[in-house]
Every structure is written in C-alpha cells, then in structure tokens.
Amino acid sequence: MATANEFVDGATIIWKNHSIYLWGGNGEYTKELRIKQIYSQEQSMHDAARVLRHIAELLDNGYDLSKSRAVDCSGLAIAILRDLKCIKATEDYRARDLQAMCKKIKLDKLKAGNCVFNKESGATHMGIYVGYDMVIEAQGRDVGVVKRKLDQGNWVIGGRLPYFS
C-alpha cells in the first residue's frame with residue numbers, strides 16, 4: 001500500500017517536469033508522443049493544435065521535456081497510482097469513477113493527498129490537494145499541469161482514495 005505523501009510527491013514531480021494536458025493521457029512521456037497520436041487522441045483538430053502549440057511554447061522557453069508526461073485531469077491521478085502500483089497498468093478511470101471510490105471530505109477538512117472535484121457527484125474535473133492550500137491539476141491544453149491555490153479552482157468537494165495507508 002502507498003502513502004498519501006507518495007501520491008503528493010508523484011503529483012509534484014509531474015508538475016515540476018512541465019507535463020502537458022492531453023485528452024485521455026495517463027502519464028505517457030511527452031517525448032514519445034507522435035503528432036498523429038495527439039490528433040487521434042484529442043477531441044478535435046483545434047484541441048490537438050492547442051496541445052502542440054503548448055509543447056512548442058515549452059520548448060521555445062528552454063524547458064527540458066525529457067521527463068514531461070501527458071495527462072488529463074484523471075490521468076494525472078491514474079499515472080501516479082500506476083507508478084505506485086496501486087492499480088494495474090490496464091486500469092483506467094475518469095474523474096467521476098475516482099470520485100465514486102473516495103470517501104467524501106469537506107474542503108475545509110482536506111489533507112495532503114486528498115483529491116478535489118468540481119461537482120458533489122459525477123465530477124468532470126479533478127485535482128490533487130498537496131497541502132498548504134494548494135492543488136496540482138491538469139488544467140487544460142494551453143497550460144498543462146499547474147499548481148495553484150485551492151480557491152482558484154471550482155472545487156466543491158474533496159475525497160480520499162482507498163489506496164493509501
């Protein structure tokens with residue numbers, strides 16, 4: 001069994017490595033992505049172009065993307081859970097699936113390693129609370145994985161995944 005601190009550490013590493021947002025991304029390495037894969041995975045040609053533009057901006061600004069990963073909001077959690085061997089490599093869940101696994105927690109009672117969700121149930125977006133009033137989330141195609149204050153998101157409920165001791 002993993003710990004909530006390992007979950008936070010995993011999110012922090014993915015964020016620090018300038019990881020990108022890709023629809024359906026579950027932690028694939030950005031450097032291994034092919035343009036055709038991005039276009040086939042994204043919801044539209046416009047969205048694929050946004051992902052490619054973000055990658056180009058990161059490279060233009062001198063960022064090393066050798067450890068950057070491609071995730072969507074639930075894919076961020078999935079990548080870490082796979083890395084920690086909490087779930088099998090074949091398991092995949094959406095934000096609402098992960099939310100359904102969680103014990104609900106009010107936002108004012110969050111602890112590092114809890115998840116945050118944009119709806120009371122049936123969430124369509126999620127992030128990882130890392131403590132000190134901060135959340136790491138795969139925010140979107142134009143900005144990738146970000147770390148920002150809890151009150152900057154549209155979070156309404158938290159939850160604790162069953163994988164942590």
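Residues numbered from 1 in each chain as written. Predicted model: local features only at pLDDT ≥ 70, side-chain atom pairs only at ≥ 80, totals over all residues. Heavy atoms only, no water.

**A few points about the overall build of the protein chain**
Along its length, the protein chain carries 5 helices and 9 strands. Counting from the amino terminus, helix and strand elements in the protein chain follow one another as α-β-β-α-α-β-α-α-β-β-β-β-β-β. Computed over its C-alpha atoms, the radius of gyration of the protein chain comes to 15 Å, within 12% of the 15 Å expected for a compact globule of 165 residues. C-alpha extents for the protein chain along the principal axes are approximately 40 × 30 × 30 Å. The contacts of the protein chain with a sequence gap of at least 6 include a subset with a gap of at least 24, amounting to 63%. Here the protein chain displays about 8,600 Å² of accessible surface, and carbon together with sulfur accounts for 50% of that area. In the protein chain, which carries 24 positive and 20 negative side-chain charges, the distance between the mean positions of the two groups comes to 4 Å. (Helix = DSSP H or I, 4+ residues; strand = E, 2+ residues; numbered from the N terminus. Rg over C-alpha atoms; globule rule 2.2 N^0.38 Å. Contact = heavy atoms within 4.5 Å. Areas by Shrake-Rupley, 256 points an atom, 1.4 Å probe, with all protein chains shown as cover. Lys, Arg positive; Asp, Glu negative; His and termini not counted. Charge placed at Lys NZ, Arg CZ, Asp CG, Glu CD.)

**A few points about the packing of helix H1 (residues 4–16) against helix H4 (residues 73–83)**
Two numbers describe how H1 lies on H4: the axes approach to 9 Å, and their chain directions differ by 120°. In terms of orientation, H1 and H4 fall into the oblique class. H1 and H4 meet at a crossing whose hand is right-handed. On the side of H1, the interface is formed by Glu 6, Phe 7, Gly 10, Ala 11 and Ile 14, while H4 contributes Leu 76, Ala 77, Ala 79, Ile 80 and Leu 81. (Axes fitted to C-alpha atoms, helices over the stretch in contact; angles between N-to-C directions. Parallel < 35°, antiparallel > 145°, perpendicular 65-115°, else oblique. Left-handed = near helix turned anticlockwise from the far one by under 90°.)

**Let's talk about H4**
Extensive coverage of H4 is indicated by the burial of 9 of its 11 residues. Along H4, the positions that sit buried rather than exposed are Cys 73, Ser 74, Gly 75, Leu 76, Ala 77, Ile 78, Ala 79, Ile 80 and Leu 81. Of the residues flanking the end of H4, it is Lys 85, one or two places downstream, whose phi is positive at about 65°. (Buried < 20%, exposed > 50% of the residue type's maximum accessible area, 1.4 Å probe, protein only.)

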